Amino acid sequence: MENKFHQSYNEINYSRCDKISNSVSPIVHDDIKTKPATKDIDEIVTIYHQFIKNYNQINIEFELNNPIQIYTMFNCLLYDGYLSKDKGFQFSGAEARDKCAILGANIIMGKGVCRHISSTLKDILIDYGIEACNLGCYSKILTISVTKLKNQKYSYIELREWVKKNVIDERACRSLYDYIDELEKQKKYAKFSYSLEDEMNSVKKWIGNHIICYSRYNGQDYYLDPSQIRIYRLNHKSKTLFDNQEDGDLEFRIIPTLYSNSLKELMKMSNKLLRPNPSLPIEEEQKLVMDTKLLYGQNVDIFEQFYNDNHEIYNEISNRLVKIKKNKFATE
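Values in this document were obtained by computation on a predicted structure and should not be read as measured data.

Quick look at the overall build of the chain
Within the chain, the secondary structure is distributed over nine helices and 11 strands. Per-residue burial over the chain gives 52% buried out of 332 residues. By sequence separation, contacts in the chain at least 24 residues apart represent 74% of the contacts at least 6 residues apart. Counting every atom, the chain has about 16100 Å² of accessible surface; 51% of that belongs to carbon and sulfur.

A look at the packing of aromatic side chains
Under the criterion given, the structure shown has 12 aromatic pairs. Over the ring of Y307 we find K87; its NZ or CZ atom is 5.2 Å from the centre of that ring.

Quick look at unusual backbone geometry
Even without a glycine there, the phi angle at K87 is positive, about 55°. Of the residues examined, K87 reaches a relative accessible area of 32% and is grouped as partly exposed. Phi is positive for N218, close to 50°, though the residue is something other than glycine.

With respect to helix α9 (residues 300–321)
For an α-helix, 3.6 residues make a turn, and residues three or four places apart therefore share a direction. At N310, α9 shows its maximal kink, close to 50°. Taken together, the buried positions of α9 are occupied by F303, F306, Y307, N310, I313, Y314, I317, S318 and L321. Where α9 is buried, its residues meet α1 (39–61), α2 (67–79) and α8 (282–297).

So, the environment of E158
Within the element layout of this structure, E158 appears in helix α4 (residues 156–166). Judged by relative accessible area, which is 42%, E158 ranks as partly exposed. As a C-alpha pair, E158 and K191 span 33 residues in sequence and 9.7 Å in three-dimensional space. One polar contact links the side chain of E158 to the main-chain amide nitrogen of S155, over a distance of 2.8 Å.

So, the pattern of salt bridges
The tally for this structure, following the rule as stated, stands at 11 salt bridges. Connected via shared salt-bridge partners are E43, E316 and R320.

What to know about the pairing of strand β5 (residues 141–149)
Two faces belong to every sheet, and in a regular strand the side chains alternate between them. Across the nine residues that make up β5, a large majority, seven, are buried. For β5 and strand β6 (residues 189–197), the ladder comprises nine bridges, and the chain directions are antiparallel. Within β6, the position partnered with I144 by the bridge is Y194.

Describing the nonpolar core
If you look at the biggest cluster of nonpolar residues, it comprises 50 residues, and the most contacted ones within it are F51, Y55, F74, L77, L83 and I317. Going through the elements one at a time, α1, α2, α3 (114–127), β8 (220–225), α8 and α9 are the ones with two or more residues in this core. Once residues lying within four places of it in the same chain are set aside, the contact partners of F51 are L83, I108, F306, I313 and Y314. In terms of nonpolar packing, the next biggest core, distinct from the first, is built from 16 residues, I144, V163, V167 and L183 among them.

Thoughts on α8
Here α8 is 16 residues long and its end C-alpha atoms lie 23 Å apart, about the 22 Å a rise of 1.5 Å per residue gives. Buried within α8 we find E285, V289, T292 and Y296. End-on, the buried residues of α8 take up no more than an arc of 70°, which puts them together on one face. For α8, exposure combined with an orientation more than 90 degrees from the buried face picks out E283, K287, M290, L294 and G297. Against the buried residues of α8 lie α2, β9 (230–235) and α9.

Overview of the packing of α2 against α3
Two elements in contact, α2 and α3, have axes whose closest approach is 11 Å; the angle formed by their N-to-C orientations is 130°. With respect to their mutual orientation, α2 and α3 come out oblique. For the pair α2 and α3, the sense of crossing is right-handed. Packed against α2, whose contacting residues are P67, I70, Y71, F74, L78 and Y79, the element α3 presents I117, T120, L121, I124 and L125 at the interface.

Cut-offs and rules
Residues numbered from 1 in each chain as written. Predicted model: local features only at pLDDT ≥ 70, side-chain atom pairs only at ≥ 80, totals over all residues. Heavy atoms only, no water. Helix = DSSP H or I, 4+ residues; strand = E, 2+ residues; numbered from the N terminus. Buried < 20%, exposed > 50% of the residue type's maximum accessible area, 1.4 Å probe, protein only. Contact = heavy atoms within 4.5 Å. Areas by Shrake-Rupley, 256 points an atom, 1.4 Å probe, with all protein chains shown as cover. Phe/Tyr/Trp six-rings, centres within 6.5 Å; stacked < 30°, edge-to-face > 60°. Lys NZ or Arg CZ within 6 Å of the ring centre and 35° of its normal. Bend = angle between axes of the 7 residues up to and from the residue. Polar contact = N/O pair within 3.5 Å; in protein donor to acceptor, adjacent residues only side chain to side chain. Salt bridge = Lys/Arg side-chain N within 4 Å of Asp/Glu carboxyl O. Pairing = 2+ DSSP bridges. Core = buried A, V, L, I, M, F, W, Y, C linked by side-chain atoms within 4.5 Å. Expected span 1.5 Å × (residues − 1). Arc of directions from axis to C-beta. Axes fitted to C-alpha atoms, helices over the stretch in contact; angles between N-to-C directions. Parallel < 35°, antiparallel > 145°, perpendicular 65-115°, else oblique. Left-handed = near helix turned anticlockwise from the far one by under 90°.

Below you can see the structure in the form of structure tokens.
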């Protein structure tokens, strides 16, 4: 018997533990042309900017200056609920208000997908004085197959190592790890395999099916993916992104995007991508990540206070966002 797993940027149904796919919602919105901002959107922007400034007090207090540090702390706070009104975050675009000026504000309602999460990180970096913009990416669709076996062929450790090496999405990893834990409890066996397919939707192939945050700091380039909790590096020959040398089959094609970037930002980004800088050495990158996670774990009381201090702002933004008409083209 064979179950199909698809790696997904969308909400995962953990109870069934199936169909987890890396095909993402189309990067389409009705705000691509410049339109006069409504009063409601202007008010949300003002309050949201105050939230961003409040957030950057964390970076100042802990002296987080490198984009890797800022990205890592942001991930910790976002996924533990400290940046959302009900202290919880769900990977979903169901309630999204996809207006360029307020994309990042969506996470405060407790839901968002790559375009919202990356936009918030981008706004934090820019307010902190670091160059950043959203970057559209395209990747092939990865389908993971799980075949149940009568006899054990791979140890549970080997299955976990396979997931670690081959599965991009953090939520998909957790789902598969849970599946392996259940196999181990029941003394059942399985093997994993995967296949890659081109996206059949030509629009998605053209504009990309994923958004990450691109940043430049102290002469180095950073390709940050907060929705998958991954840091990529550039293959200078193929102009694609990878997260380590072994993941050659999981490359991204980088595509400049107007999504949450102004035309001026788009031009600057396009010029930078034509003249890329090196990335931080991977050993330094990993140390920054680990040190920042440790710092986070040692200061939970400060983040609890931050949440309480900003709860009124969260409620205000959420109450105003729900009054904005949802984009009829936006999907989860």
